[in-house]
Protein chains: 2
Amino acid sequence: MADGLNFSRRLRRTPYTASAEAAGVTGFSVVNHMLLPKAYGRPVEEDYWHLREHVQIWDVACQRQVQIAGRDAARLVQWMTPRDISRARTGDCLYVPITDETGGMINDPVLLKLADDRFWLSAADSDLLLFAKGLALGCGLDVTVDEPDVSPLAVQGPKAETLLCDLFGGHVREIGFFKFDWVDFTGTRQLIARSGYSRQGGFEIYLNGGRLGAALWDAVCQAGQPYGIAPGYPNLIDRIEGGILSYGNEMTREQNPFEIGMGKFCSLNGAVDYLGRNALQKFSENGAERQIRGVLFDGGPCPTCAEPWPVNVGDRQVGQITSAIWSPRLRRNVGLSLIDREFWDAGQPVTVHSKDGATRAGEISALPFA
Amino acid sequence: MADGLNFSRRLRRTPYTASAEAAGVTGFSVVNHMLLPKAYGRPVEEDYWHLREHVQIWDVACQRQVQIAGRDAARLVQWMTPRDISRARTGDCLYVPITDETGGMINDPVLLKLADDRFWLSAADSDLLLFAKGLALGCGLDVTVDEPDVSPLAVQGPKAETLLCDLFGGHVREIGFFKFDWVDFTGTRQLIARSGYSRQGGFEIYLNGGRLGAALWDAVCQAGQPYGIAPGYPNLIDRIEGGILSYGNEMTREQNPFEIGMGKFCSLNGAVDYLGRNALQKFSENGAERQIRGVLFDGGPCPTCAEPWPVNVGDRQVGQITSAIWSPRLRRNVGLSLIDREFWDAGQPVTVHSKDGATRAGEISALPFA
């Protein structure tokens, strides 16, 4: 499927959209009311191999920051997430589930601790800002909740580190995984984190000041010339192979953290209080009834998975694939699916019922895929 | 601009998407994480004339319902909106601003009162559900907030009433403007309102039960054959001519209700309490500094307005156009813009600076356009 996207101001352009257009962007998705480039006129397989070997520049400004600041900032953040943030230090990035009172997933952002009283939640595709604002207003907390003019630009792939050391200096190499530090860009202080929505390594520059978007894009591209840099985007093959989940695809408010591999982030010893603690304690005691798994399946490249595909064992539906694509490396289709407990062991034979009417044989795989 | 949209489950299909595809949909927008058909392979002008003369079927399932139910339901709804809802009756639809504590617009839904303790907010493009949920949890209100399986299908145009009387019975004719009643569809009870996102009149069927989507689409199309029914969508020409605003385009959290013509819905006499009352009272005393207006401008059909275009008087920027299109009826371009107070009188000459580099002469117009 590849129909047209009708543009309007409501689907916000980013500080990098004009650069992406100049670089030949041909397809978008929409995340957080903002354009996310998803194609540059090449097959996704080609972009996948390039990402694994070289370095790419991605416009991921749609990862909007929900800034929570003020005296009660840490209290509000802790109330929203089951993950114990009490020992987080300034400079830490934490992948955190955000849940409601039923334990249902509201978002799965990366939390950046900027100071004891200032946090960014780098949000997936739901208006986390409105949830935080509602909670703060309802509770009368002393915080401000807003969306700063901050637009992440990802530099991903094995050559990202060397490129960024060339551009910003060798201290970039010292930044640990899921840590951030600061660099100078044309006289401005910018946050850079070793993070990103791929498993090929890399960094995200949280550009503060949209007016600098084109300059940053150009500077990264210029520094990347020796490394064969190309424009890219969160690559579906790499994402699925890596078992990296997507809010709205693999999880909605219907899922709890235990189902999607985030149980390890849930504090259950009573040390911290948060929304949904009672619900999550109950889920934990009962054990998850389904969990996210990989599915490897046959039958040549599958179509785009735009709605859930049933995964069956015999006549019984045991799950539904929510993202799937052909892996040119594994030479099979790979998909992500919640799978019922009795059937989630690796190797379990299943059938996949894609919407083109085909029935494809497959089996359950651990995540990430090999 | 007409680039591709990359599909995924996260951009939810509706109960009508398959029918829209069968009818030849060629372009989409994304609203509330859901697909909104926006083109059927014909020029928008052709669809515009057809809408004015005949009847169209629109998949507007993306108008998601935020259901607020329970003992404190009315209290929560009133807290969210400056509009006094105390005299609303079951069967009423009310266009309501939703504001935060600063008076900034969070959404501009249609409120449907289903019972004294049950409301739907038919939401524009922001996660109003998360705001309502946050407020309810923060305040400890006795309500449930959820998204029911309800998917509006619009039947718009001058022949909509006759068509729907044929299909559901003559009592449809008795439904007043912005009122709703109930009809039977294949043994199910369905809500139908005289409302819609056009100024050509019509109805919206709030289909409860997505499994019935294809059957309802087909029934409407069959009943519409004698009236020349065609698939359509919220038509940008009709919308702008009618001065109908779009959340995310003409307003964001940066706007207050007085700027966008919703001051008349703000209760300021102290009779009701709501979020943002203090802020709105202050805005009201000071008078709006800018207000929404029409702009008529020259220079042949303008390009798609995907980011705000400056509106100038001489060298001074006095506003920005957020939606614009060529009107084949007025034979000029029409646009919507917030305009500074000193320049908002009808007839004020302005220049429009569209992103194609053109400078176009124009003037301010009252809304709706003639």
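What counts and how
- Residues numbered from 1 in each chain as written.
- Chains lettered and ligands numbered in written order.
- Predicted model: local features only at pLDDT ≥ 70, side-chain atom pairs only at ≥ 80, totals over all residues.
- Heavy atoms only, no water.
- Helix = DSSP H or I, 4+ residues; strand = E, 2+ residues; numbered from the N terminus.
- Rg over C-alpha atoms; globule rule 2.2 N^0.38 Å.
- Buried < 20%, exposed > 50% of the residue type's maximum accessible area, 1.4 Å probe, protein only.
- Contact = heavy atoms within 4.5 Å.
- Least-squares fit on C-alpha atoms with pLDDT ≥ 70 in both.
- pLDDT = per-residue confidence, 0-100.
- Pairing = 2+ DSSP bridges.
- Axes fitted to C-alpha atoms, helices over the stretch in contact; angles between N-to-C directions.
- Left-handed = near helix turned anticlockwise from the far one by under 90°.
- Buried area = accessible area lost by both parts, 1.4 Å probe.
- Salt bridge = Lys/Arg side-chain N within 4 Å of Asp/Glu carboxyl O.
- Polar contact = N/O pair within 3.5 Å; in protein donor to acceptor, adjacent residues only side chain to side chain.

Student: Mind showing me how you'd approach the overall build of chain A here?
Tutor: Looking only at helices and strands, chain A has eight helices and 22 strands in total. For chain A, whose C-alpha radius of gyration is 21 Å, the value lies close to the compact-globule estimate of 21 Å for 370 residues. Taken over the C-alpha atoms alone, chain A extends approximately 65 × 50 × 40 Å along its principal axes. The buried share of chain A, reckoned over its 370 residues, is 62%. Partitioning the intrachain contacts of chain A with sequence separation of at least 6 by distance along the chain shows that 66% fall at a separation of at least 24.

Student: What is the right way to look at the relation of the copies chain A and chain B in this model?
Tutor: Comparison of the two chain copies shows a relationship of rotation about an axis with a shift along it. Superposing chain A onto chain B takes a rotation of 180° plus a shift of 0.0 Å along the axis, which leaves an RMSD of 0.0 Å. Accordingly, the operation relating the two chain copies is best matched by a two-fold axis. Mapped onto chain B, 100% of the interface residues of chain A are again interface residues, and the two copies thus contact each other with one and the same surface.

Student: Which parts of the structure should I look at to understand helix 3 (residues 73–80) of chain A?
Tutor: Burial within helix 3 of chain A is extensive, with six of its eight residues counted as buried. Those residues of helix 3 of chain A not exposed but buried are Ala 73, Leu 76, Val 77, Gln 78, Trp 79 and Met 80 of chain A.

Student: Just to check I follow, could you spell out the confidence of the model for chain A for this structure?
Tutor: Per-residue confidence for chain A averages 97 on the pLDDT scale, and 99% of its residues sit at or above 70. The ipTM value of the predicted complex is 0.97, and its pTM value is 0.98.

Student: Got a minute to help me understand the sheet that holds strand 18 (residues 309–313) of chain B in this structure?
Tutor: Within a sheet, each strand pairs with its neighbour through backbone hydrogen bonds, oriented either parallel or antiparallel. With antiparallel pairing, the six strands of this closed barrel are ordered in space as 17-20-19-18-21-22 (chain B). Averaged over all adjacent pairs, the angle separating strand axes in this sheet is 40°, with direction ignored.

Student: Can you walk me through the packing of helix 3 (residues 73–80) of chain B against helix 4 (residues 128–139) of chain B in this structure?
Tutor: Helix-helix packing: each pair is described by the crossing angle between the helix axes and the interaxial distance. All names here are of chain B. One can describe the packing of helix 3 onto helix 4 by two numbers: an axis separation of 11 Å at closest approach and a directional angle of 115°. At the point where helix 3 passes helix 4, the crossing takes the right-handed sense. On helix 4, the residues that touch Leu 76, Trp 79 and Met 80 of helix 3 are Leu 128, Phe 131, Ala 132, Leu 135, Ala 136 and Cys 139.

Student: Sorry if this is basic, but what is going on with unusual backbone geometry here?
Tutor: Among all residues save glycine, negative phi is the norm, and among peptide bonds the norm is trans. Cis rather than trans, the peptide bond between Leu 367 of chain A and Pro 368 of chain A has omega equal to -10°. In this structure, Pro 368 of chain A sits in the segment after strand 22 (359–365). Its identity is not glycine, yet Phe 178 of chain B carries a phi of approximately 60°, on the positive side. By secondary structure assignment, the location of Phe 178 of chain B is in the loop between helix 5 (160–168) and strand 13 (180–185). In the Ramachandran plot, Arg 331 of chain B falls in the positive-phi region, its phi being about 55° despite a non-glycine side chain.

Student: Which parts of the structure should I look at to understand the pairing of strand 18 of chain B?
Tutor: Every other side chain in a regular strand lies on the same face of the sheet, so the side chains alternate between the two faces. All names here are of chain B. Of the strand pairs in this sheet, strand 18 and strand 19 (residues 316–327) are connected by five bridges, and their pairing is antiparallel. Each bridged residue has a counterpart across the sheet, and for Val 311 the counterpart in strand 19 is Gly 319. Between the antiparallel neighbours strand 18 and strand 19 lie two residues, among them Gly 314 with a positive phi of about 65°. Looking at chain direction, strand 18 and strand 21 (residues 349–353) are connected through two bridges and run antiparallel. Pairing of Asn 312 across the sheet is with Thr 351, part of strand 21.

Student: Looking at this model, I keep getting lost on the sheet that holds strand 10 (residues 118–122) of chain A. Mind explaining?
Tutor: All names here are of chain A. On the basis of which strands lie adjacent, the open sheet formed by five strands has the order 6-9-10-5-11 and antiparallel pairing. The two strands at the open ends of the sheet, each matched to only one other strand, are strand 6 (93–95) and strand 11 (144–146). Strand-to-strand twist across the sheet, computed as the mean angle between neighbouring axes with direction ignored, equals 20°. Here strand 5 (residues 65–69) runs beside strand 10; their pairing, made up of five bridges, is antiparallel. Considered in strand 10, the bridge of Gln 67 is made with Trp 120. Contacting strand 5, strand 9 (110–115), strand 10 and strand 11, helix 3 crosses the sheet at an angle of about 130° to strand 5. The strands touched by helix 4 (residues 128–139) are strand 5, strand 10 and strand 11; relative to strand 11, the strand with the most contacts, the crossing angle is about 165°.

Student: Teacher, can you tell me more about the side chain of Glu 241 of chain B here?
Tutor: All names here are of chain B. Along the chain, Glu 241 turns up in helix 7 (residues 236–241). Note on Glu 241: relative accessible area 0%, which makes it buried. Residues within four places of Glu 241 in sequence aside, it is in contact with Tyr 48, Arg 52, Arg 199, Ser 327, Arg 329, Leu 330, Pro 368 and Phe 369.

Student: So what exactly am I meant to see when it comes to the interface of chain A and chain B here?
Tutor: Interface size, as often reported, equals the accessible area lost upon joining of the parts. The partner chain B presents 54 residues to the 54 residues of chain A that form the contact. Considering only the side of chain A, the residues that lose the most area to chain B are Asp 3, Arg 9 and Arg 10 of chain A, jointly responsible for 18% of the buried surface there. Here chain A is connected to chain B by eight salt bridges. Here Glu 101 of chain A makes a salt bridge to Lys 133 of chain B, at a shortest N to O gap of 3.2 Å. At the surface where chain A touches chain B, the tally comes to 25 residue pairs in polar contact (both at pLDDT 80 or more). Secondary-structure elements contributing two or more residues to the side of chain A that touches chain B are strand 1 (4–5), strand 2 (27–31), helix 4 and strand 19 (316–327) of chain A. The element contributing the most residues to the side of chain A that touches chain B is helix 4 of chain A, with ten residues.

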